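# Overview (structure and organization)
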Amino acid sequence: MPLRKKSILIVDDEESIRLATSQYLKFAGYRPLTAKNADEAMEIARREPVRLVLADVMMPGKSGYDLLRELRQDPATKHIPVVIVTALRGAADDETARISGAADVLVKPVEGKHLQAVVKQLLGSSMEEE
């Protein structure tokens, strides 16, 4: 069977963060997809074979936690691991992420090697059989 790159959905309202994270993941061998808000992310997650979501917490409209809840409620997306990405750091933030069902929490600015380690832990190799 042929191999294809695993898709990772980056959800952040800041274009510079979407671009930087996308470039890093592409360099690491993954297929980055991007969304600027939770609604756009849900559309992509329903139509693409997304293996992981990196969701910013603070976005206009729906938050990353709102997105996480929507993903969990949809049978088509409930299996996708979600990593919460936040500029806030504290025990309460970590607890909220865990209670909401997040696979992990990353603090902005996310260091590239740390991002790669978290993604690799959750997904393994960047390639999968079709």
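Residues numbered from 1 in each chain as written. Predicted model: local features only at pLDDT ≥ 70, side-chain atom pairs only at ≥ 80, totals over all residues. Heavy atoms only, no water.

The next subject is the nonpolar core. Within soluble globular proteins, side chains that are nonpolar tend to cluster in buried spots. Among the nonpolar cores identified, the biggest contains 24 residues, and Leu9, Val11, Val53, Leu67 and Ile84 are the most heavily contacted of them. Broken down by secondary-structure element, the contributors of at least two residues to this core are β2 (7-11), β3 (31-35), α2 (38-47), β4 (50-56), α3 (64-73) and β5 (82-86). No other element matches the five residues that α2 contributes to this core. Leave out the neighbours within four places in its chain, and Leu67 touches Val11, Ala38, Ala41, Met42, Val53 and Ala55. Tyr30, Leu54, Leu106 and Val118 belong to the second largest nonpolar core, which has 13 residues in total. (Core = buried A, V, L, I, M, F, W, Y, C linked by side-chain atoms within 4.5 Å. Buried < 20%, exposed > 50% of the residue type's maximum accessible area, 1.4 Å probe, protein only. Helix = DSSP H or I, 4+ residues; strand = E, 2+ residues; numbered from the N terminus. Contact = heavy atoms within 4.5 Å.)

A few words now on the sheet that holds β3. Reading across from one edge, β3-β2-β4-β5-β6 is the order of the five strands in this open sheet, with parallel pairing throughout. Strands at the two margins of the open sheet, each flanked by one partner only, are β3 and β6 (104-107). Going across the sheet, the axis of each strand differs from the next one's by a mean of 25°, ignoring polarity. Pairing analysis gives five bridges linking β2 to β4, with the strands arranged parallel. Within β4, the residue paired with Val11 across the bridge is Ala55. Contacts between α2 and the sheet are confined to β2, β3 and β4, with β3 contributing the most and set at about 140° to the helix. Against the sheet, α3 engages β2, β4 and β5, with an angle of about 170° to β5. (Pairing = 2+ DSSP bridges. Axes fitted to C-alpha atoms, helices over the stretch in contact; angles between N-to-C directions.)

On to the environment of Ala55. Counting through the fold element by element, Ala55 comes out in strand β4. Overall, Ala55 belongs to the buried group, its relative accessible area being 0%. Placed 14 residues apart in sequence, Ala55 and Ala41 show a C-alpha to C-alpha distance of 9.1 Å. Apart from residues no more than four positions distant in its own chain, Ala55 is found in contact with Val11, Gly64, Leu67, Val82, Val83, Ile84 and Val85.

Attention now goes to the pattern of salt bridges. The full count for this structure, using the stated rule, is nine salt bridges. Residue Asp56 pairs with Lys108 through a salt bridge whose shortest N-O separation is 3.1 Å. With Asp56 in strand β4 and Lys108 in the loop between β6 and α5 (112-123), this pair connects stretches of sequence that are 52 residues apart. According to the relative accessible area criterion, Asp56 is buried, its value standing at 4%. For Arg69, the salt bridge identified is with Asp66, shortest N-O distance 2.8 Å. (Salt bridge = Lys/Arg side-chain N within 4 Å of Asp/Glu carboxyl O.)

Of the residues making up α2, those classed as buried are Ala38, Ala41, Met42, Ile44 and Ala45. Seen along its axis, α2 keeps its buried residues to an arc of 165°; they face one direction. For α2, the exposed residues set more than 90 degrees away from the buried face come down to Glu43, Arg46 and Arg47. The elements touched by buried residues of α2 are β2, β3, β4 and α3. Regarding α2, its N-cap is Asn37, as a side-chain oxygen of that residue lies 3.2 Å from the backbone nitrogen of Asp39 further along. (Arc of directions from axis to C-beta. Polar contact = N/O pair within 3.5 Å; in protein donor to acceptor, adjacent residues only side chain to side chain.)

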